[in-house]
Amino acid sequence: MKNKKGSAEIIAFLLILPFLLIPLFNSLQNYIALNRSDALKQVTRLAILRAETDGGLTPDDVTEIMNTLKMKGFDTSKVHIDYTPAPVNYGDEVSVRIQYNTQITSFTIGLGGLMKNVQNITMAYGPITSISKHYQR
């Protein structure tokens, strides 16, 4: 009679495999979301620096911000920018807020088997406010 111990171990491993992979998949999804949030924060900080220097944001500045977000993998149709438009005098307040509507996916195991959970969220950074350093001569 053949030893069926090896077959049982393979079957047990295949049954346990989803439980081992779910934390890996969820960790990967969280890592992607954190990277995207960090990129949004960096672009917002660059935008407020530009608004400080130029006395608000111009339409060309907003276009450049959108292009930067696009290069970082954002879907620009889901991006909304609230900002202080230029020109703003020296000493007045400027503000920038960028928000991005996205989805976060996670996986769970329930009685129905492996389930994919999709959650719509809005990532936002700001409003960041600062003082205009722009001086018109």
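To be clear, the structure that these remarks concern was listed above.
(A) Spatial organisation of the side chain of Thr102. Turning to its location among the elements, Thr102 is positioned in strand E2 (residues 93-110). Beyond its immediate sequence surroundings of up to four residues, Thr102 is in contact with Arg36, Gln119, Asn120, Ile121 and Met123.

(B) Main features of the packing of aromatic side chains. All chains considered together, the criterion is met by two aromatic pairs. Seen in terms of ring centroids, Phe25 and Phe107 are 5.8 Å apart; in terms of plane orientation they differ by 55 degrees. Their pairing is tilted. Taken together, the residues span a long stretch of sequence, with Phe25 in helix H1 (residues 5-54) and Phe107 in strand E2 at a distance of 82 residues. Classification of Phe25 as partly exposed rests on a relative accessible area of 38%. Measuring from ring centre to ring centre gives 4.8 Å for Phe74 and Tyr100, while their planes differ by 80 degrees; the resulting arrangement is edge-to-face. You can see Phe74 sitting in the loop between helix H2 (59-71) and strand E1 (79-83) and its partner Tyr100 sitting in strand E2, a full 26 residues away along the chain. For the pair formed by Phe74 and Tyr100, the shared burial category is buried. Over the ring of Phe74 we find Arg36; its NZ or CZ atom is 5.5 Å from the centre of that ring.

(C) Region of the structure containing H2. The terminal C-alpha atoms of H2 lie 18 Å apart, and with 13 residues this matches the ideal 18 Å at 1.5 Å per residue to within 8%. Three or more residues of H2 are buried, namely Asp61, Val62, Ile65 and Leu69. Within H2, the buried residues cover an arc of 100 degrees as seen down the axis, which keeps them to one side. Seen from the open side of H2, the exposed residues pointing more than 90 degrees away from its buried face are Pro59, Asp60, Lys70 and Met71. Gly73 sits one or two positions beyond H2 and adopts a positive phi of about 95 degrees.

Criteria and thresholds
- Residues numbered from 1 in each chain as written.
- Predicted model: local features only at pLDDT ≥ 70, side-chain atom pairs only at ≥ 80, totals over all residues.
- Heavy atoms only, no water.
- Helix = DSSP H or I, 4+ residues; strand = E, 2+ residues; numbered from the N terminus.
- Contact = heavy atoms within 4.5 Å.
- Phe/Tyr/Trp six-rings, centres within 6.5 Å; stacked < 30°, edge-to-face > 60°.
- Buried < 20%, exposed > 50% of the residue type's maximum accessible area, 1.4 Å probe, protein only.
- Lys NZ or Arg CZ within 6 Å of the ring centre and 35° of its normal.
- Expected span 1.5 Å × (residues − 1).
- Arc of directions from axis to C-beta.

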